[in-house]
Amino acid sequence: MEPQKGMNTVTRPRILVVGAGFAGVGCVRRLERKLAPDEADVTLVTPFAYQLYLPLLPQVASGVLTPQSIALSLRRSRKYRTRIIPGGAIGVDLDAKVCVIRTITDKIVNEPYDYIVLAPGSVTRTFDIPGLTEHAFGMKTLAEAAYIRDHVISQLDLADASDDPAERAARLQFVVVGGGYAGTETAACLQRLTHAALQRYPRMDPHLIKWHLIDIAPKLMPELGDKLGRSAQEILKRRGIDVSLGVSIDKAGAEEVTFTDGRVVPTHTLIWTAGVVASPLIATLGAETVRGRLAVTAEMTLPGHDGVFALGDAAAVPDEAAGGPGAICPPTAQHAMRQGRRGAENLIATLRGQPLQPYQHRDLGLVVDLGGKDAVSKPLGVELRGVPAQAVARGYHWSALRTNVAKARVMTNWLLNAIAGDDFVRTGFQARRPARLKDFEFTDSYLTPEQVRARVQRGTAERP
């Protein structure tokens, strides 16, 4: 096989994987298992040396699970040989085959590659709403989930200690924006936490604790279907959560939020979970996109660029199982995990001069854990509610965890919470300056395509 343009023919091919989410880690693990050590060198770019199991973040925010239980270490096993660069990719020059990386110490380095797998995932989707990024929390990172837990408990503490009725009322109102899985589970899990707190705060008026879940869409979690969506909404309303559909945020402040229907809610807690968009890294490539995601083939290759693969939330992978023209795979964990494995196999096939295989996977269904005995699930099209749905939801998440250590930690946390209930310990995040959505996802750190090219050219000129 003729070496591809830009490939280093003296050393082993250099494979660079960007992102340690479901897709990136799935790809790296398959490469390590299928490639002989002398076939290629594998490098992973990620700010954190762990894979985060995102679907369980609401349970971390509510304290049901500890943060470590869903952060799966990438260095735990000695058999893994991937080199890890602690940082984030902020630009890629596809022609020069160089990735620009900002390390966790803010040093910017150029990393050359022969093959690249782009799996940078997604970031929280925001809109041009006054005060949103300055005053809202996100639910996309482990730090955000842990911070939100501290914040909610601190609101209970401050309300309990205050003698000002207006301040107490404002601190005990909570607003969650986004009627998808993340928003619904976040509102449900945190509402259970504040409800359980009532017996620990005897001075607190239980009628002052109010949760609002709003979404601009006309239905809650429409992917579940009308019946299950209504069931979930009824569960939330029964718990006292005010669900408002067809409504969003007009503006956000430090102590109040204005809804688009004119209501003004005094609150210190605005949690924004209104969808995700592909990582800003994709915009640095100057390549074709579909709804912001990189347009790739069914084999997850980038047309017109040798040795470039893209998968996960940042890639518009054709959904051949759906059958419809133009259908792309939704940004879900089950697709990302399977795309990681197929992407690795196609990269190996490219190295060995073998044919590539298209990605195909039929959705296994949906699970929504509302905490306690409440859940709605739709495995393989079968609609479930209550305890059976909860068993399916937790069984699916537990089986999807990659390591036995993580499975043991999660199961232990579930059992402890079921037996001992919630605790209300703050870990000290509130002692530092307040942090909001804009402080956790660093979406302003990416380069433009022109800056990427200039950086790469400067690095090439400086190289001896």
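Criteria and thresholds
- Residues numbered from 1 in each chain as written.
- Predicted model: local features only at pLDDT ≥ 70, side-chain atom pairs only at ≥ 80, totals over all residues.
- Heavy atoms only, no water.
- Helix = DSSP H or I, 4+ residues; strand = E, 2+ residues; numbered from the N terminus.
- Buried < 20%, exposed > 50% of the residue type's maximum accessible area, 1.4 Å probe, protein only.
- Contact = heavy atoms within 4.5 Å.
- Lys, Arg positive; Asp, Glu negative; His and termini not counted.
- Charge placed at Lys NZ, Arg CZ, Asp CG, Glu CD.
- Pairing = 2+ DSSP bridges.
- Axes fitted to C-alpha atoms, helices over the stretch in contact; angles between N-to-C directions.
- Expected span 1.5 Å × (residues − 1).
- Phe/Tyr/Trp six-rings, centres within 6.5 Å; stacked < 30°, edge-to-face > 60°.
- Salt bridge = Lys/Arg side-chain N within 4 Å of Asp/Glu carboxyl O.
- Domains from an automatic or database assignment.
- Buried area = accessible area lost by both parts, 1.4 Å probe.
- Polar contact = N/O pair within 3.5 Å; in protein donor to acceptor, adjacent residues only side chain to side chain.
- Core = buried A, V, L, I, M, F, W, Y, C linked by side-chain atoms within 4.5 Å.

Participant: Before we move on, can you summarise the overall build of the chain with the specific residues and values?
Facilitator: When you go through the chain residue by residue, the secondary structure sums to twelve helices and 24 strands. Relative to its full complement of 464 residues, the chain shows a buried share of 52%. Counting only contacts in the chain whose residues sit at least 6 apart along the sequence, the fraction spanning at least 24 positions is 69%. For the chain, the separation between the mean place of its 56 positive charges and that of its 48 negative charges on side chains is 6 Å.

Participant: Tell me about the sheet that holds strand S15 (residues 264-266), and please be specific about residues and values.
Facilitator: Strands sit in the order S13-S14-S15 across an open sheet of three strands; the sheet is antiparallel. What marks the edges here is a single partner per strand, and that holds for strand S13 (249-252) and S15. Between one strand axis and the next, the sheet turns by 20° as a mean value, whatever way the strands run.

Participant: Let's hear about helix H6 (residues 181-196): which residues, and what values?
Facilitator: Each α-helix turn comprises 3.6 residues. Residues three or four places apart therefore point the same way. In a regular helix each residue adds 1.5 Å, so 16 residues correspond to 22 Å; H6 covers 23 Å between its end C-alpha atoms and thus fits that length. Where burial is concerned, most of H6 is hidden: twelve out of the 16 residues are buried. Of the positions making up H6, those classed as buried are Gly-183, Thr-184, Glu-185, Thr-186, Ala-187, Ala-188, Cys-189, Leu-190, Gln-191, Leu-193, Thr-194 and Ala-196.

Participant: Tell me about the packing of aromatic side chains, residues and numbers included.
Facilitator: A full pass over the atoms with the stated rule returns six aromatic pairs. Each ring, one from Phe-22 and one from Tyr-53, has its centre 5.5 Å from the other, and the planes form 85°; the classification is edge-to-face. One end of the pair, Phe-22, is in helix H1 (residues 22-34); the other, Tyr-53, is in the loop between strand S3 (50-52) and helix H2 (57-61), with 31 residues separating them in the sequence. Ring centres of Tyr-201 and Phe-424 lie 6.3 Å apart, and the angle between their planes is 85°; on these two criteria the pair is classed as edge-to-face. Taken as a pair, Tyr-201 in the loop between H6 and strand S11 (210-215) and Phe-424 in the loop between helix H10 (404-420) and helix H11 (437-440) lie far apart in primary sequence, 223 residues in all.

Participant: Help me get a handle on the side chain of Gln-155, residues and values and all.
Facilitator: Relative to the helices and strands, Gln-155 is located in helix H4 (residues 142-161). Those residues in contact with Gln-155, other than ones at most four positions away along the chain, are Arg-171, Leu-172, Phe-174, His-268 and Thr-269.

Participant: Give a detailed account of the pattern of salt bridges, specifying residues and quantitative values.
Facilitator: The final tally for this structure, using the stated rule, is 20 salt bridges. Between Arg-352 and Glu-39 there is a salt bridge, with the nearest N and O atoms lying 2.8 Å from each other. Taken together, the residues Arg-352 in the loop between helix H8 (333-351) and strand S22 (365-369) and Glu-39 in the loop between H1 and strand S2 (41-46) connect sequence positions 313 residues apart. Residue Arg-352 is classed as partly exposed on the basis of its relative accessible area, which comes to 38%. The shortest N-O distance in the salt bridge between Arg-238 and Asp-374 comes to 3.6 Å. One end of the pair, Arg-238, is in helix H7 (residues 226-238); the other, Asp-374, is in the loop between S22 and strand S23 (375-379), with 136 residues separating them in the sequence.

Participant: Could you give me a rundown of the sheet that holds strand S19 (residues 293-295), with the residues and numbers involved?
Facilitator: If you walk across this open sheet you meet the three strands as S18-S19-S21, and the pairing is mixed. Sheet topology places strand S18 (289-290) and strand S21 (315-316) at the edges, where each strand pairs with a single neighbour. Bridge analysis of S18 against S19 gives two bridges, and the strand direction is antiparallel. Across the sheet, residue Val-290 finds its bridge partner in S19, namely Arg-293.

Participant: Break down unusual backbone geometry for me, citing the residues and quoting the values.
Facilitator: Where the residue is not glycine, phi is negative for most of them; where a peptide bond is considered, it is trans in most cases. Here Met-300, not a glycine, exhibits a phi torsion of approximately 70°, which is positive. Tracing the sequence through the fold places Met-300 in the loop between S19 and strand S20 (308-310). Residue Met-300 is classed as buried on the basis of its relative accessible area of 0%. For Leu-380, which is not glycine, the phi torsion reads 50° and is therefore positive. As for its position among the elements, Leu-380 is in the loop between S23 and strand S24 (384-385). Residue classification places Leu-380 among the exposed positions, given a relative accessible area of 68%.

Participant: Which residues make up the domain arrangement of the chain, and what values go with them?
Facilitator: Taken as a whole, the chain is organised into domain 1 (14-125 + 277-363 + 442-459) and domain 2 (142-274 + 365-428). Listed per partner, the contact involves 32 residues of domain 1 and 29 residues of domain 2. Roughly 2,700 Å² of surface becomes buried between domain 1 and domain 2 when both sides are summed, with 58% attributable to carbon and sulfur atoms. Seen at the junction of domain 1 and domain 2, the total is zero salt bridges. For the interface between domain 1 and domain 2, the tally reads ten residue pairs in polar contact (both at pLDDT 80 or more). Looking at the side of domain 1 that touches domain 2 element by element, the count peaks at five residues for H2.

Participant: Pulling in residues and values, what's your account of the environment of Leu-56?
Facilitator: Looking at where Leu-56 falls in the secondary structure, it is placed in the loop between S3 and H2. Along the backbone, Leu-56 and Thr-273 are 217 residues apart, and their C-alpha atoms lie at a distance of 14 Å. Leaving out residues up to four positions away in the same chain, Leu-56 has contacts with Leu-65, Ile-70, His-397 and Trp-414.

Participant: Quick one: what's the story with the nonpolar core, residue by residue and with numbers?
Facilitator: Membership of the largest hydrophobic core comes to 111 residues, with the highest contact counts inside it found for Ile-15, Leu-31, Ile-70, Val-92 and Leu-118. Counting residues per element, this core draws most heavily on H4, at eight residues. Looking at which domains feed residues into this core, each of domain 1 (14-125 + 277-363 + 442-459) and domain 2 (142-274 + 365-428) gives three or more. Excluding residues that lie within four positions of it along the chain, Leu-31 makes contacts with Ile-15, Val-17, Val-42, Arg-81, Ala-344 and Ile-348. Among the nonpolar cores identified, the runner-up in size contains 16 residues, and Ile-214, Val-247, Leu-270 and Leu-437 belong to it.

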